[in-house]
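Read off the chains here:
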Amino acid sequence: IIQRTPVRKVHMARPASRSSTPLPPRMQRLLREARALLVGFAALLLAAILITHNVADPSFSTTGDGGAMHNLGGRAGAWLSDLLLMLFGVSSWWWVVLAAVYVIHIFRHLDEPPLAGGRQRWFRLGGFGLLLLASTGLEWMRAWHWEIALPDTHGEVLGAGVGSAAGALLGFTGGSLVLLLLMALGFSLFSGVSWLGMAERTGEWVERIW
């Protein structure tokens, strides 16, 4: 009788995964400060190209009149400002506000460690998206008489879709009120401002003045 001796399987030990060493707090602070400065510079540049937007410059939606460039950002600035205004209308300025709020938030919490989870960040970005959409729709419905040079109409592409849908479902007045409510909700989620707390502080200031 031939007896088979059991063969033991030798498992090779896997090398321990190298955990990334976190940066020193001073280096993290410097990186966050540099990122905030870059975003702040981008916000100033975006504001400059939006202010100096001119329909006579060659851009995304027009070939221009062949004259000198009016936009401070040159040809690239004329293209970017025209594209933003064509998509969002005057509500494009909310992108400048987004960058400014980010910079202020970073410098106010510069010495604090960043949050591990990104849920709060996604809530804020969702609130900004809601604010932007509602703002374009309300602009398309209510700001048509503003004398501002735009590629097409107020609210532009997104505003026409959101505003026409709100007007068709709820009417002119009802759609405007709902869009105002969505703007307030989006601004609250985006900025973290409580409208109830703001009302209480306003009432407190009025009482103190009285």
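See the structure shown above.
Notes on the structure follow.

Parameters and conventions
Residues numbered from 1 in each chain as written. Predicted model: local features only at pLDDT ≥ 70, side-chain atom pairs only at ≥ 80, totals over all residues. Heavy atoms only, no water. Helix = DSSP H or I, 4+ residues; strand = E, 2+ residues; numbered from the N terminus. Buried < 20%, exposed > 50% of the residue type's maximum accessible area, 1.4 Å probe, protein only. Areas by Shrake-Rupley, 256 points an atom, 1.4 Å probe, with all protein chains shown as cover. Axes fitted to C-alpha atoms, helices over the stretch in contact; angles between N-to-C directions. Parallel < 35°, antiparallel > 145°, perpendicular 65-115°, else oblique. Left-handed = near helix turned anticlockwise from the far one by under 90°. Contact = heavy atoms within 4.5 Å. Nonpolar A, V, L, I, M, F, W, Y, C, P; charged D, E, K, R; others polar. Salt bridge = Lys/Arg side-chain N within 4 Å of Asp/Glu carboxyl O. Core = buried A, V, L, I, M, F, W, Y, C linked by side-chain atoms within 4.5 Å. Phe/Tyr/Trp six-rings, centres within 6.5 Å; stacked < 30°, edge-to-face > 60°. Expected span 1.5 Å × (residues − 1). Polar contact = N/O pair within 3.5 Å; in protein donor to acceptor, adjacent residues only side chain to side chain.

1. Quick word on the overall build of the chain
Now for step 1: Across its full length, the chain carries 6 helices and 0 strands.
Now for step 2: What you see in the chain, going N to C, is helices and strands ordered as α-α-α-α-α-α.
Now for step 3: Taking all 210 residues of the chain together, the buried fraction comes to 28%.
Now for step 4: Counting only carbon and sulfur atoms, one obtains 67% of the accessible surface of the chain, whose full area is about 15100 Å².

2. So, the packing of helix α3 (residues 93-108) against helix α4 (residues 119-142)
Now for step 1: Direction vectors running N to C along α3 and α4 enclose 160°, while the axes themselves pass 10 Å from each other. The orientation of α3 relative to α4 falls into the category roughly antiparallel. Between α3 and α4 lies a crossing whose hand is right-handed. Packed against α3, whose contacting residues are Trp 94, Trp 95 and Leu 98, the element α4 presents Phe 128, Leu 131, Leu 132 and Ser 135 at the interface.
Now for step 2: Taken together, the residues of the contact of α3 with α4 break down into 6 nonpolar, 1 polar and no charged.

3. Let's talk about the pattern of salt bridges
Now for step 1: A full pass over the atoms with the stated rule returns 1 salt bridge.
Now for step 2: Glu 204 serves as the salt-bridge partner of Arg 208, at 2.7 Å between the closest nitrogen and oxygen. Remark: Glu 204 and Arg 208 occur in helix α6 (residues 195-209); sequence separation between them is 4 residues, near one turn of the helix.
Now for step 3: Residue classification places Arg 208 among the exposed residues on the basis of a relative accessible area of 65%.

4. Notes on the nonpolar core
Now for step 1: By size, the foremost hydrophobic cluster in this structure holds 18 residues, and its most contacted members are Leu 46, Leu 50, Val 96, Leu 179 and Met 183.
Now for step 2: Of all the secondary structure elements, the ones that give two or more residues to this core are α1 (25-51), α2 (74-88), α4 and α5 (156-191).
Now for step 3: The element that contributes the greatest number of residues to this core is α4, accounting for 6 residues.
Now for step 4: For Met 183, the residues in contact, after removing those within four places along its chain, are Trp 94, Leu 131, Ala 134, Ser 135 and Leu 138.

5. Considering the packing of aromatic side chains
Now for step 1: In the structure shown here, the tally under the stated rule is 3 aromatic pairs.
Now for step 2: Relative to Phe 128, the ring of Trp 95 lies with its centre 5.0 Å away and its plane at 65°, an arrangement referred to as edge-to-face. Taken together, the residues span a long stretch of sequence, with Trp 95 in helix α3 and Phe 128 in helix α4 at a distance of 33 residues.
Now for step 3: Taking relative accessible area as the criterion, Trp 95 reaches 31% and is therefore assigned partly exposed.
Now for step 4: Of the residues examined, Phe 128 reaches a relative accessible area of 4% and is grouped as buried.

6. What to know about the environment of Ala 143
Now for step 1: Within the secondary structure, Ala 143 is located in the loop between α4 and α5.
Now for step 2: For Ala 143 and Val 90, which are 53 residues apart along the polypeptide, the C-alpha to C-alpha distance reads 9.5 Å.

7. Structural notes on α4
Now for step 1: With 24 residues, α4 should reach 34 Å at 1.5 Å per residue; the first-to-last C-alpha distance of 34 Å fits that figure.
Now for step 2: Of the residues making up α4, those classed as buried are Gly 127, Phe 128, Leu 131, Leu 132, Ala 134, Ser 135, Thr 136, Gly 137, Leu 138, Glu 139 and Met 141.

8. Side note on the side chain of Thr 52
Now for step 1: Locating Thr 52 in the fold gives a position in the loop between α1 and α2.
Now for step 2: Of note is the side chain of Thr 52, whose polar atom sits 3.5 Å from the side chain of Asn 71.
Now for step 3: Once residues within four sequence positions are removed from consideration, Thr 52 is found in contact with Asp 57, His 70, Asn 71 and Leu 72.

9. Comments concerning the environment of Gly 167
Now for step 1: Relative to the helices and strands, Gly 167 is located in helix α5.
Now for step 2: Overall, Gly 167 belongs to the partly exposed group, its relative accessible area being 26%.
Now for step 3: Once the C-alpha coordinates of Gly 167 and Gly 137 are considered, the two residues, 30 residues apart in sequence, prove to be 9.4 Å apart.
Now for step 4: Sequence-distant contacts of Gly 167, that is, excluding residues within four places in its chain, are made with Met 141 and Phe 172.

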